[in-house]
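# Observations on the three-dimensional arrangement
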Amino acid sequence: MDDELKAVEMVVDRLAERFPHVPRPSIEQAVREEHKALDGGRIRDYVPVLVEHAAKARLSR
């Protein structure tokens, strides 16, 4: 789980670079909410990728 949390933190960093006009706390919140939505899954390998994809779509709106 620690590796997953580190990967999710890196998602925040990548999205902050991609969306410099969006305040970092807003990016962190979007990532946190998307991560929480995937919390019940048993297979965790792709969670950071799915979180990044969903948060990116949210921030693009």
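In what follows, the structure referred to is the one given above.
First things first, this report covers the structure right here in the doc. Treat the numbers as computed from the prediction; the structure is a model and nothing was measured. (Residues numbered from 1 in each chain as written. Predicted model: local features only at pLDDT ≥ 70, side-chain atom pairs only at ≥ 80, totals over all residues. Heavy atoms only, no water.)

Here we come to the environment of arginine 42. Among the secondary structure elements, arginine 42 is positioned in the loop between α2 (24–37) and α3 (47–60). Through-space distance from the C-alpha of arginine 42 to that of alanine 7 is 17 Å; in sequence the pair is 35 residues apart. (Helix = DSSP H or I, 4+ residues; strand = E, 2+ residues; numbered from the N terminus.)

This part covers α3. Between its first and last C-alpha, α3 extends 20 Å over 14 residues, near the 20 Å set by a 1.5 Å rise per residue. Inspection of α3 places Val47, Pro48, Val51, Glu52, Ala55 and Leu59 among the buried residues, and these make up the whole buried set. Take α3 and look down its axis: the buried residues cluster within an arc of 130°, on one side only. Exposed side chains of α3 directed beyond 90 degrees from the buried face belong to Val49, His53 and Ser60. (Expected span 1.5 Å × (residues − 1). Buried < 20%, exposed > 50% of the residue type's maximum accessible area, 1.4 Å probe, protein only. Arc of directions from axis to C-beta.)

Right, let's talk about the nonpolar core for a bit. Counting 14 residues, the largest nonpolar core has Leu15, Phe19, Val22, Ile27, Val31, Ala55 and Leu59 as its most contacted members. At the level of elements, α1 (2–18), α2 and α3 are the ones that each hand at least two residues to this core. Among the elements that make up this core, the one with the highest residue count is α1 (five residues). Those residues in contact with leucine 59 that lie beyond four places of it in its chain are Leu15, Phe19, Val22, Ile27 and Ala30. (Core = buried A, V, L, I, M, F, W, Y, C linked by side-chain atoms within 4.5 Å. Contact = heavy atoms within 4.5 Å.)

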